[in-house]
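Below are the chains, spelled out letter by letter.
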Amino acid sequence: MRVQLYIKLLFILFLFGCTKIAPKPIAPNIIPKPLIQKLNNTTFILDEKTFIESNLKFKKIAFFLSTYFEEKHQLKLSTIKNKNTIVFEQDLSIENDEGYLLKVSSNKILITSKTVKGAFYAVQSLIQLLPVKTNAKTIAIQGLEIKDSPEFKYRGMHLDVARHFFSVNFIKKYIDLMSMLKMNTFHWHLTEDQGWRIEIKKYPKLQEIAAYRDETLVGHYSEQPQKFDGKKYGGYYTQKEIKEIVAYATERQITVIPEIEMPGHSQAAIAAYPELGCTGEQVKVAAKWGVFDNIYCPKENTFKFLEDIIDEVVTLFPGKYIHIGGDEAPKTNWKKCTHCQQLIKKEGLKDENGLQSYFITRMEKYINSKGKQIIGWDEILEGGLAPNATVMSWRGTAGAVEAAKQKHNVILTPASHCYFDHYQSDNENEPLAIGGFLPLEKVYSFQPIPEELTEEEAKYVLGAQGNVWTEYITTPEKVEYMVFPRAVALAEAVWSTSENKNYDNFIKRLEFFNKRLKSLDVNYANHLYEIKGELINLDKQLSYRLETSIKDKEIRFTTDDSEPKSTSPVYNNPFKINALKTIKAAIFDKNGNQLGQVFEQKITLHKGVGEKITLNTPPNEAYNAGGKQALINGISGSSSRYGDKEWLGFSEKDVEITIDFDKQTKLNSIATRFYNGNGQWIYAPKEVNLEIKLTNGKTISLKNKVKRTDSLLVNFSLKDFIPESENSKVDQIKIIIPNYGIIPENKQGAGHKAWTFIDEIIIN
Ligand code: ACM
Ligand code: ZN
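What you are looking at is a predicted structure, and each value in this text was computed from that prediction instead of being measured.

(A) Representation of the overall build of the protein chain. When helices and strands are counted, the protein chain shows 18 helices and 36 strands. Taken over the C-alpha trace, the protein chain has a radius of gyration of 29 Å; the compact-globule value for 764 residues is 27 Å, and the two agree within 12%. Dimensions of the protein chain along its principal axes, counting C-alpha atoms only, are 95 × 80 × 55 Å. Buried residues in the protein chain amount to 57% of all 764 residues. Across the protein chain, contacts joining residues at least 24 apart in sequence account for 71% of those joining residues at least 6 apart. With the model as given, the accessible surface of the protein chain reaches about 33600 Å², and the carbon-plus-sulfur share is 51%. The positive charge centre, built from 99 side chains, and the negative charge centre, built from 94, are 4 Å apart in the protein chain.

(B) Representation of the sheet that holds strand β4 (residues 100-104) within the structure. As summarised here, the arrangement of the six strands in space is β1-β6-β4-β5-β3-β2, forming an open sheet in which the pairing is mixed. Two strands close off the open sheet at either side, each with one partner strand: β1 (36-46) and β2 (51-53). Neighbour-to-neighbour, the strand axes of the sheet open up by a mean angle of 20°, direction not taken into account. Bridge count for β2 against strand β3 (residues 85-90) is three bridges, and the pairing is parallel. Within the sheet, the bridge partner assigned to isoleucine 52 lies in β3 and is isoleucine 86. Along the sheet face, helix α2 (residues 59-73) touches β1, β2, β3 and β6 (139-148) and points at about 150° away from the line of β3.

(C) Molecular detail of the coordination of the zinc ion (ligand 2). Distances from the zinc ion (ligand 2) to its protein donors, namely Cys278 (SG), Cys297 (SG), Cys337 (SG) and Cys340 (SG), fall within the range 2.3 to 2.4 Å. Around the zinc ion (ligand 2) sit four donor atoms, and with donor-metal-donor angles ranging over 102 to 115° the site reads as tetrahedral. For the zinc ion (ligand 2), the donor residues sit on a single chain with the sequence spacing C-x18-C-x39-C-x2-C. Taken together, the residues cysteine 278 in the loop between α7 (267-272) and α8 (300-316) and cysteine 297 in the loop between α7 and α8 connect sequence positions 19 residues apart. Grouping residues by exposure puts cysteine 278 and cysteine 297 together as buried.

(D) Spotlight on the sheet that holds strand β24 (residues 575-576). Read from one edge to the other, the open sheet built from three strands follows the order β21-β22-β24, with strand pairing classed as antiparallel. Every interior strand has two partners, whereas the edge strands, β21 (531-538) and β24, have only one. Strand direction decides the pairing type here: β21 and strand β22 (residues 541-548), joined by eight bridges, are antiparallel. Bridge assignment links glycine 533 to a residue of β22, and that residue is leucine 546.

(E) Just unusual backbone geometry, in detail. For the bond from isoleucine 31 to proline 32, the omega torsion is -5°, close enough to zero to count as cis. Mapped onto the fold, proline 32 is located in the loop between α1 (2-18) and β1. The amide bond that connects phenylalanine 484 to the next residue, proline 485, takes the cis arrangement and shows omega of 10°. Its location among the elements puts proline 485 in the loop between α16 (476-483) and α17 (486-495). Residue glutamine 253 is not a glycine yet carries a positive backbone phi of 60°. Along the polypeptide, glutamine 253 turns up in the loop between α6 (239-251) and β15 (255-262).

(F) Geometry of the packing of aromatic side chains. The full count for this structure, using the stated rule, is 35 aromatic pairs. Between tryptophan 188 and phenylalanine 317, the aromatic rings sit 6.3 Å apart at their centres with planes inclined by 80°, giving edge-to-face as the arrangement. With a gap of 129 residues between them, tryptophan 188 in strand β8 (residues 185-189) and phenylalanine 317 in the loop between α8 and β16 (321-325) connect regions that are remote in the sequence. Take phenylalanine 317: its relative accessible area is 2%, and that puts it in the buried class. Members of the aromatic cluster, connected to one another through ring pairs, are Phe165, Phe166, Phe170, Tyr174, Phe186, Trp188, Tyr237 and Phe317. Positioned over the ring face of tyrosine 248 is arginine 252, at 3.6 Å from the centre of the ring.

(G) Quick look at the environment of arginine 673. In this fold, arginine 673 is placed in strand β30 (residues 669-675). Given the relative accessible area of 16%, arginine 673 is considered buried. At a separation of 3.0 Å, a polar atom in the side chain of arginine 673 contacts the side chain of aspartate 759.

(H) Representation of the confidence of the model for the protein chain within the structure. Mean pLDDT for the protein chain: 94, with 97% of residues reaching 70 or above. Taken element by element, the protein chain is modelled with least confidence in α1, mean pLDDT 50, and with most confidence in β8, mean pLDDT 99. For the stretch residues 13-18, pLDDT sits under 50, and the model shows two contacts to residues farther than four places along the chain or on other chains.

(I) Broad picture of the nonpolar core. Formed by 141 residues in total, the largest nonpolar core has its most connected members in Trp188, Leu206 and Leu546. In contact with leucine 206, other than residues within four places in its own chain, are Trp196, Ile200, Ala211, Ala269, Ala272, Tyr273, Phe305 and Ile309. Among the nonpolar cores identified, the runner-up in size contains 34 residues, and Phe58, Leu102, Val123 and Ile127 belong to it.

(J) Seen up close, the side chain of arginine 556. Relative to the helices and strands, arginine 556 is located in strand β23 (residues 554-558). Within the structure, the side chain of arginine 556 is placed 3.0 Å from the side chain of glutamate 554, a separation counted as a polar contact. When neighbours within four sequence positions are excluded, arginine 556 is seen to be in contact with Pro564, Lys565, Ser566, Thr567, Ser568, Pro569, Val570, Lys584, Ala585, Ala586 and Phe588.

(K) Geometry of the packing of helix α10 (residues 338-346) against helix α11 (residues 352-369). At their nearest, the axes of α10 and α11 sit 10 Å apart, and the two run at 85° to each other. Taken together, the axes of α10 and α11 lie roughly perpendicular to each other. Together, Cys340, Gln341, Leu343 and Ile344 of α10 and Glu352, Leu355 and Tyr358 of α11 make up the contact between the two elements. Its residues assigned to classes, the contact of α10 with α11 shows five nonpolar, one polar and one charged.

(L) The arrangement of the pairing of strand β27 (residues 612-615) in detail. Burial of the side chains of β27 is restricted to one face: Ile613 and Leu615 are buried, whereas none of Lys612 and Thr614 on the reverse face is. In the sheet, β27 pairs with strand β29 (residues 655-665) via four bridges, with the strands oriented antiparallel. Residue pairing for β29: isoleucine 613 is matched across the bridge by isoleucine 659.

The rules behind each value
- Residues numbered from 1 in each chain as written.
- Chains lettered and ligands numbered in written order.
- Predicted model: local features only at pLDDT ≥ 70, side-chain atom pairs only at ≥ 80, totals over all residues.
- Heavy atoms only, no water.
- Helix = DSSP H or I, 4+ residues; strand = E, 2+ residues; numbered from the N terminus.
- Rg over C-alpha atoms; globule rule 2.2 N^0.38 Å.
- Buried < 20%, exposed > 50% of the residue type's maximum accessible area, 1.4 Å probe, protein only.
- Contact = heavy atoms within 4.5 Å.
- Areas by Shrake-Rupley, 256 points an atom, 1.4 Å probe, with all protein chains shown as cover.
- Lys, Arg positive; Asp, Glu negative; His and termini not counted.
- Charge placed at Lys NZ, Arg CZ, Asp CG, Glu CD.
- Pairing = 2+ DSSP bridges.
- Axes fitted to C-alpha atoms, helices over the stretch in contact; angles between N-to-C directions.
- Donors = N, O, S within 2.8 Å, 3.2 Å for Na, K, Ca; no water.
- Tetrahedral: all angles 85-135°; square planar, octahedral: opposite > 155°, others 65-115°.
- Phe/Tyr/Trp six-rings, centres within 6.5 Å; stacked < 30°, edge-to-face > 60°.
- Lys NZ or Arg CZ within 6 Å of the ring centre and 35° of its normal.
- Polar contact = N/O pair within 3.5 Å; in protein donor to acceptor, adjacent residues only side chain to side chain.
- pLDDT = per-residue confidence, 0-100.
- Core = buried A, V, L, I, M, F, W, Y, C linked by side-chain atoms within 4.5 Å.
- Parallel < 35°, antiparallel > 145°, perpendicular 65-115°, else oblique.
- Nonpolar A, V, L, I, M, F, W, Y, C, P; charged D, E, K, R; others polar.

Printed below as a string of structure tokens:
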């Protein structure tokens, strides 16, 4: 045996020593999916003999690529011309400025583009054809031809560095990751109530005072009583660091848009210079999250201050845009301020919204005079849009529609599809987030052009952006967790054509892309092996469906409360549910190894489950993950989060829920829960009214007050509401839930209408 083994070993050594085993290329898995990609039967061998040939125009890109080979693969290319080459060529006939051609054949990789940008994207695609990590001195690249160009010209990621501050190195990593995805704009949210993060030489107190807060809220805003950590927190980027980051981004074909918020979200600046506010009162840099009444007062000295800031900002950011915020500026102080009221009269403005429009328009004029354009959040539509402004639509897409119809450029960042600070999984173990629910598939499905726009109006849609607000994102690792892989999905949503988008195919490529992220030390979230369950009504038989995004693996499940094992039944089709059940399931690979976590769902079969439900108004797009049936699907929502797919959220409107019973039904009780997260503008209703249609033809109307409380969950239940004398069954029940109304003074969202969040309606 020994001798045999020795001979075998010798033989293997001989094989490796004498014959060159040709490396095999990896299969192309490029994200975002290129416009056209055709494989051929060749392989390009990249090694130390490979030479890069480029003219002066593409020298920097060529250098970027050779540096990449050196740093990632320890592969130093040849400095003398060789048969085996990577060639950069310009072709002015390529229509799209960001487009490129990439041809890989046995001895040549040809990159053709009109611009440096196009060449850079070709390089990014080429990099994705390389193995994730190898120190081999010979790398095989699959022969192919790619013709590629983006659908949208604005492809952005945002980062709030004010709620939490992130190092220069991390910002560079963020930019690197964006560039891998062919994103071209970094929206840098630099000023906030909780901190001012950009050095302004003329105003040193912005560095000394506005950049630091005394302490920070611990836990979620909705937790009562609120707790603080008692630790000073802050920091800012020096102008030198900002220039360094902008240069770094420019090399990666990314434009940086600075956001200097006005007139709202300015409490930190007002803490440093109280005269900028209406009251002149000394305030503190905010230590908790929310919307604050301390906004800039439109006085001459305020405009002088902001113009001075713009003067410094324009020297740091070579891009065309400056974002001026404009969102969430309560007019509480303006209403009480003599100066503000006189200005409204003097300028013939309609009201405080008119004054906001005056404010923004005046700043726009100044910014335009510096050769720059403004972008503002969709609130800048209120009171009239500044003449040249681009609108960033975040409160849904209505702002985008309105602005495009007014022939203004728009960028889509609706919370429903683009807020990466929301939860991405309804797993109870997810790290704390602000709320909401935005799973990967929903990001992937995002269509930036709102349906309401004509083809002509759609031309004003520049693209879309993922927003990353960092109230609850305290570390770089958590930024990565929240952003990846959702940014990967968004990248494809804005780059690839509709015909090229397919979620199952995306997921397969993502499984591979995740390995790339891992090699780059990115703390991405992995919910690929998560299972989703749904109660469905199949021919009046309640059944349960299990689903996962990874199609080539097995789901195994149990219904007897035991843990799923590699020997548990394999799920193929929906199975019948007849009684109260706990379903557990997990994904297993071919070798019987469990991937991901166990899915667990308790189903409470009550009399409403599977019946017909109608709503007078649809839930808000961002809080409608489960659809209307979620209200009577036997599954209750989370007790700590309102954003999962079992809660439905309604903005402003009164809600009427009608449940029609297929069979006449005897009823004794009805119960539900309301979320009452007042910090998020969510209020339980003041009353719940019922209209019950009885089988005997009568209708019973009931008005019920809901007890007021500060607790996060408000229960509502009613028993024995049908008088025994009626001795009747029920055909239909209508539940009328009037909106709480206007949020009172001194509360988050004061002056706005509240949101209503409703959980499972349990009927027995
Ligand atoms: C925003 O989320 N306040 C733009
Ligand atoms: Zn004022």
